[in-house]
Amino acid sequence: MSISGATSDELLQRLDRGDLTSVQVTTAYLDQIAARDGQIQAFLHVDRDRALAQAQVVDDKRKRGEKVGLLGGLPVAVKDVICSQGEPATCASRMLEKFVPPYDAHVITRLKAADAVLIGRTNMDEFAMGSSTENSAFKTTRNPWDLERTPGGSSGGSAAAVAGGMAPLALGSDTGGSIRQPAGLCGVVGMKPTYGRISRYGLVAYASSLDQIGPFANDVAGAALLLEAIAGHDPRDSTSVGVDVPAYSRTVQEPLAGLRIGIAKEHFVSGLDAEVEQSVRKALDVYKSLGAEIKEISLPHSKYAVAVYYIVAPSEASSNLARYDGVHYGHRASQFHNMIDMYCASRAEGFGSEVKRRIMLGTYALSAGYYDAYYLKALKVRRLIRNDFDAAFKEVDVIASPVNPTPAFKIGELIDDPLAMYLSDIYTISANLAGLPGISVPAGLTKSRLPIGLQLLAPPFEEERLFRTARMFERETDWHRQRP
Ligand code: GLN
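Thresholds applied
- Residues numbered from 1 in each chain as written.
- Predicted model: local features only at pLDDT ≥ 70, side-chain atom pairs only at ≥ 80, totals over all residues.
- Heavy atoms only, no water.
- Helix = DSSP H or I, 4+ residues; strand = E, 2+ residues; numbered from the N terminus.
- Buried < 20%, exposed > 50% of the residue type's maximum accessible area, 1.4 Å probe, protein only.
- Contact = heavy atoms within 4.5 Å.
- Areas by Shrake-Rupley, 256 points an atom, 1.4 Å probe, with all protein chains shown as cover.
- Pairing = 2+ DSSP bridges.
- Axes fitted to C-alpha atoms, helices over the stretch in contact; angles between N-to-C directions.
- Near = heavy atom within 4 Å.
- Polar contact = N/O pair within 3.5 Å; in protein donor to acceptor, adjacent residues only side chain to side chain.
- Nonpolar A, V, L, I, M, F, W, Y, C, P; charged D, E, K, R; others polar.
- Phe/Tyr/Trp six-rings, centres within 6.5 Å; stacked < 30°, edge-to-face > 60°.
- Lys NZ or Arg CZ within 6 Å of the ring centre and 35° of its normal.
- Salt bridge = Lys/Arg side-chain N within 4 Å of Asp/Glu carboxyl O.

### A few points about the overall build of the chain
- What the chain contains, in helices and strands, is 16 helices and 11 strands.
- Projected onto its principal axes, the C-alpha coordinates of the chain cover approximately 65 × 55 × 45 Å.
- Of all 484 residues assigned to the chain, the portion counted as buried reaches 60%.
- If you take every contact in the chain between residues at least 6 apart in sequence, the share linking residues at least 24 apart comes to 75%.
- On the chain, roughly 17800 Å² of surface is accessible, and the fraction owed to carbon and sulfur atoms is 52%.

Now the structure itself:
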């Protein structure tokens, strides 16, 4: 088995046995990046020497017989929205083109403590706004399964890096689906943890009541391992919660007996691609054969999720992105007449068109006279969406659904139709609004070999249940072993 084709589990075992060194593993992935990323364009920044130096440190630890951290020298690619000291964090925006953070995000501190190797910074939609990675100011990432198609977004670079064998593990962020949606379209595992499970300290804010960092991997165990390394309370993010973090990497192998899986009737309606539906139904058959009970449930307010999201997320974005004024942060225009003009010119030059659209939508929704009609109303419906889930989870343990309504769409296909693009997150957004954990696992390929994902949702802080449920399916199938 080649290094870049192996799962993180297999790699860790070989590292622990001494069959491989972290320098060898890291070199193999760096070589893969050199060979493939010219076409795929998943990375914005790769510092070969820095990565190899980190790998050498882990190898030296092992040589001295010291205990190594949970990630034991495995490379991790990081979405360009997470601050890492001394590495650029552009958020794929001209606004932050020259920003090099002077500090580490909490998750980066945790990765370093776990002896991960930071292999590179991945491309994304600007400020995580988008579903195709086409909104990057710097490059368009391509889907490793079909270079004419998008990898999804906004964490498209991280998903494509793992799918393309250029990193065994990656971090992304998910505000409305940005981990699960690209994971589904690229045929890898991606998880959005519960809101509050991971500290957002050092994550550049998009919509603060929705944003969560989470793992990508080529199998469920890898995602479990990475979440275990980064989850837990951090006093620097007051929304991070002090709930115990289970040893996911161990319990992931334990199947669940008596599993009740809910299927929402609202999820299987027109707009859902036939091959996607077929794969999800086949996945349910796999669970049935394992003794799970499939129950129909209802999420009556889910039809409002996209509309609610496109009030709440842009509102928070318009407030969060106010900090980019050419003074405190980011790009400053070189030509202006006065201070107001300097703000306007800096923002006009620094932000791309989708970011501007979001800022305008949000500013409008929050403005006097419209606040009650839009923002407040959206918050009320958000509560109803959460209530639907609370009721459903009295009947079932997890909820299964498609991740994406269609397989990967073509580059350019939706970019001029924002509404159609927004609808590609129709299955993922509710979990963010309700704060729930969700996972996307590979569950099929279309006839033309495009990946299809299965989404599983669970009640808050039940990531362990999701990993175990997902692993039960993975063990019976070989979709996660398929490579582009
Ligand atoms: N596609 C959604 C958006 O554009 C979700 C993005 C995300 O999760 N960061 O807002």
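### With respect to the sheet that holds strand 10 (residues 438-445)
- A sheet is described by the order of its strands in space; here 11 strands give the open sequence 1-3-2-4-6-5-10-11-9-7-8, paired in mixed fashion. Where the open sheet ends on each side, the last strands, each with one partner, are strand 1 (43-45) and strand 8 (293-297). On average, adjacent strands in this sheet sit at an angle of 35 degrees to one another, irrespective of strand direction.

### Considerations on the site of the ligand
- Taken together, 15 residues are adjacent to the ligand, and G176, S178, Y206, Y309 and D425 come closest.
- Here Y206 contributes a side-chain N or O atom positioned 2.7 Å from an oxygen atom of the ligand.
- Bound to the protein, the ligand loses 100% of the 290 Å² it would expose on its own.
- Counted by class, the shell around the ligand contains five nonpolar, seven polar and three charged residues.

### Comments concerning the packing of aromatic side chains
- Overall, the coordinates contain 14 aromatic pairs when judged by the stated rule.
- Taken together, a centroid distance of 3.8 Å and an interplanar angle of 10 degrees make the contact between Y310 and Y422 stacked. Within this pair, whereas Y310 is found in helix 10 (residues 305-320), its partner Y422 is found in helix 14 (residues 418-423), the two being separated by 112 residues in sequence.
- Here Y310 falls in the buried class, since its relative accessible area comes to 10%.
- With a relative accessible area of 7%, Y422 lands in the buried category.
- Here the aromatic residues F127, Y324, Y329 and F351 are joined through ring pairs into a cluster of three or more.
- Residue placement shows R281 over the ring face of F268; its charged tip is 4.4 Å from the ring centre.

### As for helix 5 (residues 156-163)
- With eight of its eight residues buried, helix 5 lies for the most part within the structure.
- Turning to helix 5, its buried residues are G156, G157, S158, A159, A160, A161, V162 and A163.
- At the exit of helix 5 stands G165, carrying a positive phi of roughly 70 degrees.

### Some thoughts on the environment of P102
- Topologically, P102 is positioned in the loop between strand 2 (75-79) and helix 4 (106-113).
- For P102, a relative accessible area of 60% puts it in the exposed group.
- Considering only alpha carbons, one finds P102 and V396, 294 residues apart in sequence, at a separation of 46 Å.

### Notes on the pattern of salt bridges
- Taken as a whole and assessed by the stated rule, the structure comprises 27 salt bridges.
- One salt bridge in this structure joins E254 and R468, with 4.0 Å as the shortest N-O distance. Of this pair, E254 sits in the loop between helix 8 (248-251) and strand 7 (260-264) while R468 sits in helix 16 (residues 463-476), and the two are 214 residues apart along the sequence.
- As a salt-bridge pair, R357 and E354 come within 3.0 Å of each other at their nearest N and O atoms. Of this pair, R357 and E354 both sit in helix 12 (residues 353-366), three residues apart, roughly one helical turn.
- Judged by its relative accessible area of 9%, E354 is buried.
- Within the structure, one salt-bridge network assembled from shared partners comprises E354, R357 and R358.

### Structural notes on unusual backbone geometry
- In this structure, S154 follows G153 across a cis peptide bond, with omega equal to 5 degrees.
- In this model, R449 sits at a positive phi of 60 degrees, which is unusual for a non-glycine residue.
- Position of R449 relative to the elements: it lies in the loop between strand 10 and strand 11 (451-457).
- Residue classification places R449 among the partly exposed positions, given a relative accessible area of 38%.

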